[in-house]
Amino acid sequence: MLEEQDIRAFVYGTTRYFEVAAQQAATVGSPYLVTEGAPDIHDYNGVIAVSGRRNGIVCFSAPRGMLTVLLMKMNESNVSHEYLCDLVGEVANTIAGTVRRDLGKDFAISVPTVVAGAGNAVELPVGERPVVIPINWRSHVAKLVVCLR
Amino acid sequence: MARNAPFLTPQLKLLIVDDSNVIRRRIERSQQIEQLQVVGVASNGVEAIEIFRQTDPDVVTMDITMPRMDGIECVEQLVAMKPQVLILIVSALADKATAVEAMAKGANGFLNKPFSDRQLNEALAELIGGA
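The structure displayed is predicted, hence computed values, not measured ones.

Parameters at a glance
- Residues numbered from 1 in each chain as written.
- Chains lettered and ligands numbered in written order.
- Predicted model: local features only at pLDDT ≥ 70, side-chain atom pairs only at ≥ 80, totals over all residues.
- Heavy atoms only, no water.
- Helix = DSSP H or I, 4+ residues; strand = E, 2+ residues; numbered from the N terminus.
- Rg over C-alpha atoms; globule rule 2.2 N^0.38 Å.
- Buried < 20%, exposed > 50% of the residue type's maximum accessible area, 1.4 Å probe, protein only.
- Contact = heavy atoms within 4.5 Å.
- Areas by Shrake-Rupley, 256 points an atom, 1.4 Å probe, with all protein chains shown as cover.
- Lys, Arg positive; Asp, Glu negative; His and termini not counted.
- Charge placed at Lys NZ, Arg CZ, Asp CG, Glu CD.
- Buried area = accessible area lost by both parts, 1.4 Å probe.
- Salt bridge = Lys/Arg side-chain N within 4 Å of Asp/Glu carboxyl O.
- Polar contact = N/O pair within 3.5 Å; in protein donor to acceptor, adjacent residues only side chain to side chain.
- Nonpolar A, V, L, I, M, F, W, Y, C, P; charged D, E, K, R; others polar.

Looking only at helices and strands, chain A has 3 helices and 8 strands in total. Along chain A, helices (α) and strands (β) appear in the sequence α-β-β-β-β-α-α-β-β-β-β when read from the amino end. In terms of C-alpha radius of gyration, chain A reaches 14 Å, essentially the compact-globule figure of 15 Å for 149 residues. For chain A, the spread of C-alpha atoms along the principal axes amounts to about 40 × 35 × 25 Å. Within chain A, buried positions represent 54% of all 149 residues. Taking as baseline every contact in chain A between residues at least 6 positions apart, the subset at least 24 positions apart corresponds to 71%. Of the roughly 6700 Å² of accessible surface on chain A, a fraction of 50% belongs to carbon and sulfur atoms. Taken as two groups, the 13 positive and 15 negative side-chain charges of chain A have centres that lie 5 Å from each other.

Right, dumping it as structure tokens:
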């Protein structure tokens, strides 16, 4: 089972990005367990692989609209696919950095990879049920998918 | 009688190194230190060294996790080329061990990602103020 402390570190890394980079806090929705298959994901996904005390993946999955507005809030006028990929990777990078600091030696965290585009899929550990934590910011909702064994 | 020379703020050349377009442009656009003039941007350590040779910057902002050559190795090489260069690490790797390693290689400051415009400018001001 995932421990609350582990989840909290991943969530904090995510919400911190919005609070600091966009100067506008995000709120956390009610987490839910995906009981069948893989969760639906958005267009842009920053994925980090976790190993050590727990193994699996953590994915920050965001819709194009959210990332576009986030870039604009950061005074960036270039909202091209390349920049949206960069941004989702940066959010995942922040999650990785926060987890590495807060959970330290018990976890090894990979460099984030970005999965983007229609029909994309994130590979989840076989047999594990992912937890999805909604991240609400302005009128947009991203998903933090945590799938660790 | 000599005429009074106009007061000129000494310019310091800034090189921005980060593999993210978003972060490179953010630093370039948000930095408001009058003394700093951006002379180049690089997306990895190898490119940074090439541009460093061409532009001879005084100040560098440096990401750590980058392809081809990471920031820690790049810091070591830049400091070997120009020991007085001022280097601000700008990284999401928020753990103490990473900061200590970067400082040991010759970096002068550390700014965690994500950062606000104010945090960036304070970190740069502290970096050049302490020179």
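Next comes the rest of the description.
Attention now moves to the interface of chain A and chain B. Each partner contributes residues to the interface: chain A has 23 residues there, and chain B has 22 residues. Carbon and sulfur atoms supply 51% of the area buried between chain A and chain B, which totals about 1900 Å² over both sides. Summed over the shared surface of chain A and chain B, the result is 3 salt bridges. The closest approach of N and O atoms between Glu 76 of chain A and Arg 29 of chain B, which form a salt bridge, is 3.3 Å. Scanning the region where chain A abuts chain B turns up 9 residue pairs in polar contact (both at pLDDT 80 or more). Mapped onto the side of chain A that touches chain B, the elements with two or more residues apiece are helix 1 (4-21) and helix 3 (81-103) of chain A. When residues in the side of chain A that touches chain B are grouped by element, the largest group, 11 residues, is from helix 3 of chain A. Classifying every residue of the side of chain A that touches chain B gives 8 nonpolar, 8 polar and 7 charged.

All quantities given are derived from atomic positions and should not be read as evidence of function.
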